[in-house]
Amino acid sequence: MKTIVSLINDYLNSQTKKQIITREIENYLAKVLGQDVYWQQGGYSSFVEKIEALMQSGIISPVKTSGLNGRQPPLYEKYRIRKSEDILDSMTRQKLLTGYHPQINTAYYSIHSKDYQADEPYLAKLDSFLKQHSDFASWPMITANERSFQIFHNEKWLLSKQGHLFCQRTGLSLTTLHCYQTSEPFFYYPVSIPRGTKEIKVLIVENKDTFFSLKGLFQQGLNTWADNRFSLLIYGEGRKIQKSFSFYEELGEYQNYQAAFYYFGDLDPEGIRIWYDLQKEYRLIIKPFTLFYQVLFERYGDKAPTLSAGKKAGQRYSEKAIKAFLNHFDPCLGAGIRQMLAEKRYLPQEGLDYVLLKELAVK
């Protein structure tokens, strides 16, 4: 008479699908053995032991998204059958359990042999580093690229896509590796801040020409528009600002002030989306500087060119971004801007040139 173990193996070998349903295996056992014999051999408790043994040996792995079956002891509703070439030999499994530095979590590799084969050279280098330098966490913090070269002899690897996956698989982070990711710097122009100031205003502009026009005015002491006196001008360089904005935290002299951020970019779907994605990415309130957009639209709205020219044709239209943007404007003005965008027309921020910016500035 066949045992539960042998019948489960028969069932697995007969399957052509990658996933198996737990209750169907148990139904198969009860049908072949008969209910009485199945329970004489231990029933569900024995079945659980055999399934767990198959997991330990790497023959099957749980499909955790399938959920538990609600019985005691619990099993997952589904399991994935692993191909024989994906199963690690006993020596490798033992190495994963005891061979690596304890700070390296190797559980992932016990059921992902192909990833282990790919990552083994990096595991070896990391293991060697941790074992040779048990006190490295007391060393001064260094950059991620510096640590990457120190451990893996490749300064770009740690922050690469493969490096990110490696850290996820091993349970490590830049913090545990005692290093940090540097920010991409941006160009900026500061203005002296009066003593006693607690709050400052920061203006981010999308394009280079507008940055230089505003910088020229800042140098003349013209840095106030309406009731907004700006203490810092930042060149966003298009979408690059989404990566470089974290550099603001490196500007130590501004960290003692509460900052209000404003943005001015092209009046088109891409410019609006840059603003929208920036404030979403950093979870900050960054307001469109409505005065500049208003003057730009009032001056040139009826002359706005179409988006069909050049690269402008490939812009992505985000209704969420447009709606959030227009919420900052007077309804009448917002309706006019929406109509212009719906007609696939746009206005570059360069329409608000040096002369106009100077006319608008509070002397």
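Thresholds, definitions, all that
- Residues numbered from 1 in each chain as written.
- Predicted model: local features only at pLDDT ≥ 70, side-chain atom pairs only at ≥ 80, totals over all residues.
- Heavy atoms only, no water.
- Helix = DSSP H or I, 4+ residues; strand = E, 2+ residues; numbered from the N terminus.
- Buried < 20%, exposed > 50% of the residue type's maximum accessible area, 1.4 Å probe, protein only.
- Contact = heavy atoms within 4.5 Å.
- Areas by Shrake-Rupley, 256 points an atom, 1.4 Å probe, with all protein chains shown as cover.
- Lys, Arg positive; Asp, Glu negative; His and termini not counted.
- Charge placed at Lys NZ, Arg CZ, Asp CG, Glu CD.
- Pairing = 2+ DSSP bridges.
- Right-handed = clockwise from strand over helix to strand, strands pointing away.
- Axes fitted to C-alpha atoms, helices over the stretch in contact; angles between N-to-C directions.
- Parallel < 35°, antiparallel > 145°, perpendicular 65-115°, else oblique.

Our focus in this paragraph is the overall build of the protein. Of regular secondary structure, the protein possesses 15 helices and 12 strands. The principal-axis extent of the C-alpha atoms belonging to the protein is close to 100 × 55 × 40 Å. A burial count over the protein gives 43% of its 363 residues as buried. At a minimum sequence separation of 6, the contacts of the protein that also span at least 24 residues come to 71%. As displayed, the protein has an accessible area near 20200 Å², and 51% of this comes from carbon and sulfur atoms. In the protein, 46 side chains carry a positive charge and 39 a negative one; their mean positions are 2 Å apart.

Right, let's get into the pairing of strand E11 (residues 258-264). Sheet topology places strand E7 (residues 199-205) next to E11; seven bridges connect them, and they run parallel. Across the sheet, the residue bridging to Lys 201 is Ala 260, located in E11. Pairing geometry for E11 and strand E12 (residues 286-288), over three bridges, is parallel. Bridge pairing in E12 places Phe 261 opposite Ile 286. In this region the chain leaves E11, passes through helix H11 (residues 269-282) and returns to the parallel neighbour E12; the handedness of that crossover is right-handed.

Here we come to the packing of helix H6 (residues 113-132) against helix H8 (residues 161-170). Between H6 and H8, whose axes approach to 11 Å, the crossing angle comes to 85°. Classified by the angle their axes make, H6 and H8 are roughly perpendicular. Here Asp 115, Asp 119, Tyr 122, Leu 123 and Leu 126 of H6 come into contact with H8, specifically with Gln 162, Phe 166, Arg 169 and Thr 170.

Within the fold, Gln 19 resides in strand E1 (residues 19-21). Classification of Gln 19 by relative accessible area gives partly exposed; the value is 33%. Along the chain, Gln 19 and Leu 158 lie 139 residues apart, while their C-alpha atoms are 34 Å from each other. Residues contacting Gln 19, with those up to four places away along its chain left out, are Val 63, Lys 78, Tyr 79 and Arg 80.

Moving on: the sheet that holds E11. Here we have five strands laid out as an open sheet, ordered E6-E10-E7-E11-E12, and mixed in their pairing. Edge positions in the open sheet fall to strand E6 (188-190) and E12, since each of these has one partner strand only. This sheet shows a mean twist of 25° between the axes of neighbouring strands, independent of strand direction. Relative to strand E10 (residues 232-235), helix H9 (residues 208-219) is tilted by about 160°, and along the sheet it contacts E6, E7, E10 and E11. Set on the sheet, helix H12 (residues 290-300) makes contact with E7, E11 and E12; between it and E11 the angle comes to about 15°.

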